[in-house]
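A closer look at the structure
In case you want the letters, here they are:
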Amino acid sequence: VQHVIPEVTIPPEVTPDNVTTHIVDSSTRPENRDTLESEIRKAHVICIVYAIDEPATFNRLGAHWLPYIRSLGVNVPVVLVGNKIDLRGDDVSNKCLEDEVVPIMNEFKEVETCVECSAKQPLNVSEVFYFAQKAVLHPTAPLYDSREHILKPACVDALQRIFNLCDLDKDGVLDDSELNEFQRKCFNAPLQLQELDAVKNVVKEYEPSGVNDIGLTEAGFLFLHTLFIQRGRLETTWTVLRQFGYGDDLTLRESFLCPRIDIPLDCSVELSPKGYQFFTELFQVFDKDKDSALKKSELEALFRTSPGNPWAHTAFPQTTITTELGAVTLQGFLAQWSMTTMLDYQLTLRYLAYLGFEGDTTTAIKVTRPRKIDRRKGKVQRNVFLCYVFGAPRSGKTSLLRGFLDKPYSDQYEPTARPFGVVNSVEIKGSEKYLVMEEFGSQYEAEVLSNKKSLDRSDLLCFVFDSSDVNSFAYVVNLRKQYRLEHMPSVFVATKSDSDLVLQRHEVQPDVYCRNLGLAAPISISVKSRQMADLFNILTAVAMCPSIATPPEYLDSNAGTLKIKRYLAAVGVAGAIIAVCLVGARLYKHNGSFAL
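Because the structure is a prediction, the values reported are computed rather than measured.

This part takes up the overall build of the protein chain. Across its full length, the protein chain holds 24 helices and 19 strands. Relative to a compact globule of 596 residues, whose C-alpha radius of gyration would be 25 Å, the protein chain shows 34 Å and is clearly more extended. For the protein chain, the share of sequence-separated contacts (at least 6 apart) that also reach a separation of at least 24 residues comes to 69%. Total accessible area on the protein chain is roughly 29300 Å²; 52% of this is exposed by carbon and sulfur atoms.

Right under this line is the structure:
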């Protein structure tokens, strides 16, 4: 027999897991040391062979080979192989094998198993390479503590998450239908009634708390996987884990959480009908008291299979529709996800995976047409719109956003310390749209306005000024001029109409300024008195037809000729006008002038 045989390749079609395996022989001769170290570093699994009739070769496992492999910085599974069992005669079994190997396995966690074989007969040779493949594809170490004979914490966490996802009715138990759905998802093979009973009987025998009158409990689910591992069926547990997106380190794979999707420049992302259906059904499942709202405990239960509430570091639930007690309504829940998807679609994709969306998560979202094309054509076909709100301190921006959600008005002034966004649905011609409104405060205003990419994300700008503050209007005019925002669709809003109107300290008054730009006069509102002049419908209508709020010189000829017609259509949809003269009176009650 030659000292080192050439590399042998086992083709995938003859292996249970359909993988190609390359077997590389080695030499311990000093002149081959560099080659040996190179091959060890390239290996996915290492088989260390010893002769059962030479105790010294067994002793070198722990004294030389395993420390040597570690010294190379290699951390891959190791299979111990006892050769020449034919020398034992007719009885080749070794009842003392476990006692001999366990001390080594306790010291060297990389050792997956020990197999005895005979290359001469041959006996168990194919099993050696089967276990070597299993050590790579279905390793024990991440799942099971061989010393304590228990599942490792990371494995328990992953299996508990899987159990919770499979518990469709959230009653803490997997009934027969849920177990069969689990079987279908993982193994594409449902169990017969007698098979289900047999599984539950095994659990009941060894883990009485694992089964109740309804079905399999979480304790029973964990026990089953402990049993699979102890009986050498690690492929069963690994199949389950991988089907639910887990990698070899028992964390969810990045490709599972955030699959690649191309988002062309200037496009936005929205939920698709599948996405809205998923979040609607999720809401209904966790609305345990059936009051059409999710309170704090119900939201905590909903996000149990995820890292936590994705909006924990925002002003949520003050960002969407809630009940008087602060519970999130279905309308508010869907609106919040609509805003999240627009602002950070990757976060939505991750939570679709965390929360158990079935199938390709990218089907739950859709990519819209580029905004520039929409603006050039003068009409938008999207369903979620983003409006940036700018204005001087104390102009009422935060109160305006809170008023959009019908939150209680407060006279107490609190400066905006960080960006604040809200979202609500707006009905346009019987169709539901979502409007996201964001304010940034003076600290972040310049950063947003000087960032072209950030500005391109918005559908329109809302410039807010306090009609009772002489300096308020000049602030937004200077802002618009300083950052060259003339090309952006814009709506001017005069707040605090319940207070005394004052002349603004600016070369022209607001209505004249807007007329000179070819824009509508400022919309006059009072959040305190709840006189909103259909503002949010108008903002949404403008977002849908941006040409009606864009100065004519920034429109192409086709959009410009249709501007008046679309403006009247838009504000008509919003329910704000019947005739142009009424528009002027309604939009700015302190000055009847109006211009397109």
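What follows picks up the thread again.
The geometry of helix H13 (residues 330-343) relative to helix H14 (residues 345-354) is characterised by a closest axis approach of 5 Å and an angle of 125 degrees between their N-to-C directions. In terms of their interaxial angle, H13 and H14 are classed as oblique. In this structure, H13 uses Trp337, Thr340, Thr341 and Leu343 to contact H14, whose residues at the interface are Tyr345, Leu347, Thr348 and Tyr351. In the contact of H13 with H14, the residues fall into 5 nonpolar, 3 polar and no charged.

Either a parallel or an antiparallel arrangement is found when strands of a sheet pair, and the pairing is made through backbone hydrogen bonds. Strand order in this open sheet of 3 strands is E3-E4-E5, and the pairing throughout is parallel. Unpaired on one side and paired on the other, strand E3 (46-51) and strand E5 (111-116) mark the two borders of the sheet. Adjacent strand axes in the sheet meet at a mean angle of 20 degrees when their direction is disregarded.

The next thing to look at is the packing of helix H2 (residues 55-71) against helix H3 (residues 97-107). Following both chains from N to C, one finds H2 and H3 inclined at 20 degrees, their axes separated by 11 Å at the closest point. For the element pair H2 / H3, the angle class is roughly parallel. Seen from above, H2 lies across H3 with right-handed handedness. Residues Phe58, Leu61, Leu66 and Arg70 of H2 touch H3, and the partners they reach there are Glu100, Ile104 and Glu107. A breakdown of the residues in the contact of H2 with H3 according to their chemical character gives 4 nonpolar, no polar and 3 charged.

This paragraph deals with a nonpolar patch on the surface. Side chains of Val1, Ile5 and Val8 sit close together on the surface and give an oily, nonpolar patch of about 320 Å² of accessible area. With respect to the helices and strands, Ile5 occurs in the segment before strand E1 (8-10). A relative accessible area of 39% means that Ile5 is categorised as partly exposed.

Taking 1.5 Å per residue as the helical rise, helix H11 (residues 273-286) with its 14 residues ought to reach 20 Å, and the 20 Å between its terminal C-alpha atoms agrees with that figure. Among all positions of H11, only Gly275, Tyr276, Phe278, Phe279, Thr280, Leu282, Phe283 and Phe286 are buried.

For strand E4 (residues 78-83), a buried count of 6 out of 6 residues is recorded, marking the element as mostly surrounded by other parts of the structure. Across 6 bridges, E3 lies against E4 in parallel orientation. Along E4, the bridge assignment pairs Cys47 with Val79. Sheet topology note: the E4/E5 ladder contains 5 bridges and is parallel. What sits directly across from Gly82, in E5, is Glu116. Crossover connection from E4 via H3 to parallel E5: handedness right-handed.

Another point: the environment of Asp469. Residue placement: Asp469 occurs in the loop between strand E17 (460-466) and helix H19 (472-482). Spatially, the C-alpha atoms of Asp469 and Thr341 are 37 Å apart, while their sequence positions differ by 128 residues. In this structure Asp469 touches Val502 and Gln504, once residues within four positions along its chain are discounted. Within the structure, Asp469 has its side chain in polar contact with the backbone nitrogen of Asn471 (distance 3.1 Å).

Conventions and cut-offs
- Residues numbered from 1 in each chain as written.
- Predicted model: local features only at pLDDT ≥ 70, side-chain atom pairs only at ≥ 80, totals over all residues.
- Heavy atoms only, no water.
- Helix = DSSP H or I, 4+ residues; strand = E, 2+ residues; numbered from the N terminus.
- Rg over C-alpha atoms; globule rule 2.2 N^0.38 Å.
- Contact = heavy atoms within 4.5 Å.
- Areas by Shrake-Rupley, 256 points an atom, 1.4 Å probe, with all protein chains shown as cover.
- Axes fitted to C-alpha atoms, helices over the stretch in contact; angles between N-to-C directions.
- Parallel < 35°, antiparallel > 145°, perpendicular 65-115°, else oblique.
- Nonpolar A, V, L, I, M, F, W, Y, C, P; charged D, E, K, R; others polar.
- Pairing = 2+ DSSP bridges.
- Left-handed = near helix turned anticlockwise from the far one by under 90°.
- Patch = residues over 30% accessible without salt bridge, like charges linked within 9 Å, V, L, I, M, F, W, Y side chains within 5 Å.
- Salt bridge = Lys/Arg side-chain N within 4 Å of Asp/Glu carboxyl O.
- Buried < 20%, exposed > 50% of the residue type's maximum accessible area, 1.4 Å probe, protein only.
- Expected span 1.5 Å × (residues − 1).
- Right-handed = clockwise from strand over helix to strand, strands pointing away.
- Polar contact = N/O pair within 3.5 Å; in protein donor to acceptor, adjacent residues only side chain to side chain.

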